[in-house]
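Below are the chains, spelled out letter by letter.
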Amino acid sequence: MEIYAGFDLGGTYLKYGVIDTQGRVLQDDTVNTPEEVEELFLLLETVWDNIQSLHHSNIKAAGFGFPGIFNAREQRIIQSPNCPQIDGHALVPSLEKFISVPFFLDNEANFAAYGEYKAGAGKGAQSLVLLTIGTGIGTGIILSGQLWQGACGFAGELGHVTVNPTGEKCSCGNRGCLETEVSSQKIVSCYEQYRESKEELAAEEIARRAANGDEAALQTYSQVGSYLGIGLSIIINLLNPEKILLGGGVMESGEWLLPAAFEEAKRRSFTASYNCCLIEQTQLGNKAGFIGAALWARDHLTKPRS
Ligand SMILES: [Zn+2]
């Protein structure tokens, strides 16, 4: 049996798994992301050895999704606000030391979009934009059935588009980026402000309070949702995609966030474009990244590395 491995590195977790030719997940797991780059590659080597021995060396290709701005020409992450230990690191030589099958690298959000496009909520669509909203915002774009990587591979950084010029400072150096205004941390800090309290609560607790009619929690979701709506309207007016797929931990409180987001997006985009765009939740959840990486490896095995 031919199988393919996918890896999805995040600032907190490394998710990985293997799929068969049909895209069925045969095995997957999640481990913590080490803080040092040397430890990270040692971990990848250990994981690789384990899955190779479990699957009797049937792995034909692998995909590795890394967070941050990926330079496709140099096959490096040049800036990763959420995982700075890999900035500038020579990824290919480090992986070649222990991986003997063809492998492919890209930004993890691009692979997540590819996964949803091939095997999830985007199946059948010719154009879609994926937003994964958690501690940051990852974006991947499929246009005319192709992953849009941009001229140099840097496309899909909607998380760092300004939605509030006077907003909070972002780790990218800008201010008021979509990901500073729409994130789990922003829900927490916004709730503190509305409540005029220093008690730091988990985002899940704030969602529970919204469900119980807590006014400050409802105001929080209204504000954060409005900024998400600005982001959605930018996508809709710029690309007129068939679908926008929303995933990530923050979407667990989508029930509270989305009404304000939809209202704002509708107000700010062309009606015809808004009406023909389906905005849905993702289907593959936090597995989209590694599934997409593995599917990309499967689909590009016969092509030169891009
Ligand atoms: Zn930013």
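Please refer to the structure placed before this passage.
An account of the accompanying structure is given in this report. (Residues numbered from 1 in each chain as written. Predicted model: local features only at pLDDT ≥ 70, side-chain atom pairs only at ≥ 80, totals over all residues. Heavy atoms only, no water.)

### Overview of the side chain of D20
What counts is decided by this rule: Here a strand is any run of E in DSSP of at least two residues, a helix any run of H or I of at least four, and the numbering for each starts at the N terminus. Burial classes follow relative accessibility: with a 1.4 Å probe on protein chains only, a residue under 20% of its type's maximum area counts as buried, one over 50% as exposed, and anything between as partly exposed. Pairing of N or O atoms within 3.5 Å defines a polar contact, subject to two protein rules: one partner must be a possible hydrogen donor and the other a possible acceptor, and residues neighboring in sequence count only if both atoms are side-chain atoms. The contact definition used throughout considers only heavy atoms, calling two residues in contact when any of these lie within 4.5 Å.
If you trace the backbone, D20 turns up in strand β2 (residues 13–20). Judged by its relative accessible area of 4%, D20 is buried. Side-chain polar atoms of D20 contact the side chain of R24, separated by 2.8 Å. With near-sequence residues (within four places) excluded, D20 lies in contact with M1, E2, I3, Y4 and L26.

### Here we look at the sheet that holds strand β9 (residues 137–143)
This is how the line gets drawn: Pairing between two strands requires that DSSP report at least two bridges joining them. Axes, fitted as lines to C-alpha atoms, cover a helix only where it is in contact. Angles between the N-to-C directions of the axes lie from 0 to 180 degrees.
Across the sheet, five strands lie side by side as β10-β9-β8-β11-β12; this open sheet has mixed pairing. Edge strands, defined here as strands with exactly one partner in the open sheet, are β10 (146–147) and β12 (278–281). Note that strand β11 (residues 243–247) and β12 share four bridges and pair parallel. Bridging across to β12, L245 finds its partner in E280. Each of β8 (128–133), β9, β11 and β12 touches helix α7 (residues 215–239); the most contacted strand, β8, lies at about 160 degrees to it.

### Concerning the nonpolar core
For clarity, the threshold we go by: We define a nonpolar core as any set of buried Ala, Val, Leu, Ile, Met, Phe, Trp, Tyr and Cys residues linked to one another through side-chain atoms lying within 4.5 Å.
Formed by 39 residues in total, the largest nonpolar core has its most connected members in L131, L228 and L232. Of all the secondary structure elements, the ones that give two or more residues to this core are β8, β9, α5 (184–195), α6 (203–211), α7, β11 and α8 (254–268). When sequence neighbours within four positions are dropped, the list of residues in contact with L131 reads I137, G138, T139, L158, L228, L232, I235, L245, L246 and G247. With 30 residues, the next largest nonpolar core counts F70, V92, F98 and L105 among its residues.

### A short note on the packing of aromatic side chains
Quick reminder of the rule: Side-chain rings of Phe, Tyr and Trp (the six-membered ring for Trp) are treated as a pair once their centres are within 6.5 Å; stacked means planes under 30 degrees apart, edge-to-face means over 60, and tilted covers the remaining angles.
Per the counting criterion, the structure on display carries eight aromatic pairs. Ring centres 4.5 Å apart and planes at 10 degrees place the aromatic pair F7 and F64 in the stacked group. One end of the pair, F7, is in strand β1 (residues 3–9); the other, F64, is in strand β4 (residues 59–66), and 57 residues separate them in sequence. For F64, a relative accessible area of 2% gives the class buried. On the numbers, 6.5 Å between centres and 15 degrees between planes, the contact of F64 with F66 is stacked.

### Points about the coordination of the zinc ion
So the rule is basically this: The donor set covers N, O and S atoms within 2.8 Å of the metal, switching to 3.2 Å for Na, K and Ca, and it leaves out water, so a site may look short of donors.
In this structure, H160 (ND1), C170 (SG), C172 (SG) and C177 (SG) serve as the protein donors to the zinc ion, at separations of 2.0 to 2.4 Å. Sequence spacing among the residues donating to the zinc ion works out to H-x9-C-x1-C-x4-C. Taken together, the residues H160 in the loop between β10 and α4 (178–181) and C172 in the loop between β10 and α4 connect sequence positions twelve residues apart.

In short, the description is geometric, and any link to function would need to be established separately.
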